Amino acid sequence: MGLEKELKDAAASLQRCNPTAISLKAGCELFLRYTTRTSALEIDDFHKAKKRLIERGQHFSETSKRARATIADLGERFVRSGDTVLCHGHSRVVLSVLRRAASAGKQFSVIVTEGRPDETGLIMARLLEELRVPVTVILDSGVGYAIERVDLVLVGAEAVVENGGVINKLGTYQIALAAKAHNVPVYVAAESYKFARLYPLSQRDMPLERKQLDFGPLLPASVTIDNPSRDYTPASYISLLFTDLGVLTPAAVSDELIQLYS
């Protein structure tokens, strides 16, 4: 019907604002599935159908807002007093887990990567300092040096893909590699609206997004700068995912995706 087409056109328009944003595309697809998977679209009365669709849309929004609090409740249990947690850049959902752990009276410290090139780790460090959580900022390239004193890695995700792997800020994969080599668990905190119907097999199998990076006048103009904004971490390097659907193993993600999109 025409109303369904209007919703799809609106979602497509929103995605065109940032065509490489995987989480935006996944969120729009899930929103459309949730709002249009209703008998309201078969109602002849336009106003009744509109009211029903708005109700479902509002419920989807409220559920998404509550997701972060649910994840905080679940993830906090994995942070123990005395732990050193390694985070990569800034993630609101990761911060919510650490905030909940701190409010529970747990004494732990955090190592945050600087998160180049936009230095989002500095934002994370300031927010953690406001919570009075001891925090240390390291260079992105210093993860291998610091990993020996880390008890767990906690990162966010731009997208959780069908095989249980994650797409996240550039550098996440190398953190997971270092953690695996030192038997440090890697936990991913992500809302279910970031579950995407993608199945990457390598770093090239995902939408490409690059950010500007200026090395200044000392670098010859003929030198190519390659600065992708994200990378793909395979499921084999991930211990557990903290989601609003529960604490999941990577192997369970495909089943949850089927439920979300069916």
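All values reported here derive from a predicted model rather than from experimental measurement.

Some remarks on the overall build of the protein
The helix and strand inventory of the protein stands at eight helices and ten strands. Buried positions account for 45% of the 262 residues belonging to the protein. A total accessible area of about 13,800 Å² is found for the protein, and carbon and sulfur atoms account for 53% of it.

Details of the sheet that holds strand β1 (residues 84–88)
The strands making up a sheet associate through hydrogen bonds between their backbones, and the pairing can be parallel or antiparallel. The seven strands are arranged β3-β2-β1-β4-β7-β9-β10 in an open sheet whose pairing can be described as mixed. With partners counted over all chains shown, the strands left at the sheet margins are β3 (135–138) and β10 (246–248), one partner each. Averaged over all pairs of adjacent strands, the angle between their axes in this sheet comes to 25°, without regard to strand direction.

Remarks on helix α7 (residues 172–181)
Of the positions making up α7, those classed as buried are Thr172, Ile175, Ala176, Ala178 and Ala179. Each buried residue of α7 sits inside an arc of 165° when the element is viewed along its axis, so together they form one side. Asn183, located one to two residues past α7, shows a positive phi value of around 55°.

Considerations on the pairing of strand β7 (residues 186–189)
Because side chains alternate across β7, one face comprises the buried residues Val186 and Val188, and the other comprises Tyr187 and Ala189, equally buried. Bridge analysis of strand β4 (residues 152–155) against β7 gives three bridges, and the strand direction is parallel. Residue pairing across strands places Val155 opposite Val188, the latter belonging to β7. Strand direction decides the pairing type here: β7 and strand β9 (residues 240–243), joined by three bridges, are parallel. Of the residues in β9, the one forming a bridge with Ala189 is Phe242.

Regarding the nonpolar core
Leu86, Ile147, Val153, Val160 and Val188 are the most contacted members of the largest nonpolar core, which totals 25 residues. Listing elements by their share of this core, those giving two or more residues are α6 (143–146), β4, α7, β7 and α8 (253–261). Ranked by residue count, the leading element in this core is α7, at three residues. In contact with Val160, other than residues within four places in its own chain, are Gly165, Val166, Ala190, Lys194, Phe195, Ala196, Leu241 and Val253.

Here we look at empty space enclosed by the protein
Regions of empty space are outlined by a rolling probe, equal in size to a water molecule, passed over the atoms. For the structure on display, the rule yields one cavity of 30 Å³ or more. What the largest cavity holds in volume is close to 50 Å³. The wall of the largest cavity is formed by Arg116, Pro117, Asp118, Lys169, Leu170, Lys211, Asn227, Pro228 and Ser229. Split by residue class, the lining of the largest cavity holds three nonpolar, two polar and four charged.

Considering the pattern of salt bridges
Applying the stated criterion across every chain, the model contains seven salt bridges. For the salt bridge of Arg230 with Glu158, the shortest nitrogen-to-oxygen distance reads 2.5 Å. With Arg230 in strand β8 (residues 230–233) and Glu158 in the loop between β4 and β5 (159–160), the pair connects residues that are 72 residues apart, well separated along the chain. Each of the two residues, Arg230 as well as Glu158, counts as buried. Linking Glu191 and Lys194 is a salt bridge whose minimum nitrogen-to-oxygen distance equals 3.4 Å. Each of Arg68, Glu191 and Lys194 takes part in a single network of salt bridges with overlapping partners.

Quick word on the sheet that holds β5
Pairing is antiparallel across the open sheet formed by three strands, whose spatial order is β5-β6-β8. Every other strand in the sheet has two partners, leaving β5 and β8 as the edge strands with one partner each. On top of the sheet, α7 reaches β6 (166–169) and β8; it is set at about 35° to β8, its chief contact.

Regarding the pairing of β6
Summarising the sheet, β5 and β6 pair through two bridges and their orientation is antiparallel. Bridge pairing in β6 links Ala159 to Ile167. Where β6 and β8 come together, four bridges link them in antiparallel fashion. By the bridge assignment for β8, Lys169 is matched with Arg230.

Some points on the side chain of Thr172
Within the secondary structure, Thr172 sits in helix α7. Here the side chain of Thr172 touches Lys169 through a polar contact of 2.7 Å, landing on its backbone oxygen. The residues touching Thr172, leaving out its near neighbours within four places in the chain, are His88, Val155, Asp231 and Thr233.

Rules of the game
Residues numbered from 1 in each chain as written. Predicted model: local features only at pLDDT ≥ 70, side-chain atom pairs only at ≥ 80, totals over all residues. Heavy atoms only, no water. Helix = DSSP H or I, 4+ residues; strand = E, 2+ residues; numbered from the N terminus. Buried < 20%, exposed > 50% of the residue type's maximum accessible area, 1.4 Å probe, protein only. Areas by Shrake-Rupley, 256 points an atom, 1.4 Å probe, with all protein chains shown as cover. Pairing = 2+ DSSP bridges. Axes fitted to C-alpha atoms, helices over the stretch in contact; angles between N-to-C directions. Arc of directions from axis to C-beta. Core = buried A, V, L, I, M, F, W, Y, C linked by side-chain atoms within 4.5 Å. Contact = heavy atoms within 4.5 Å. 1 Å grid on protein atoms, 1.4 Å probe; cavity = no way out; pocket = protein on both sides within 12 Å on 5 of 7 lines; lining within 4 Å. Points joined across faces, edges and corners; volume = space filled by probe spheres on them. Nonpolar A, V, L, I, M, F, W, Y, C, P; charged D, E, K, R; others polar. Salt bridge = Lys/Arg side-chain N within 4 Å of Asp/Glu carboxyl O. Polar contact = N/O pair within 3.5 Å; in protein donor to acceptor, adjacent residues only side chain to side chain.

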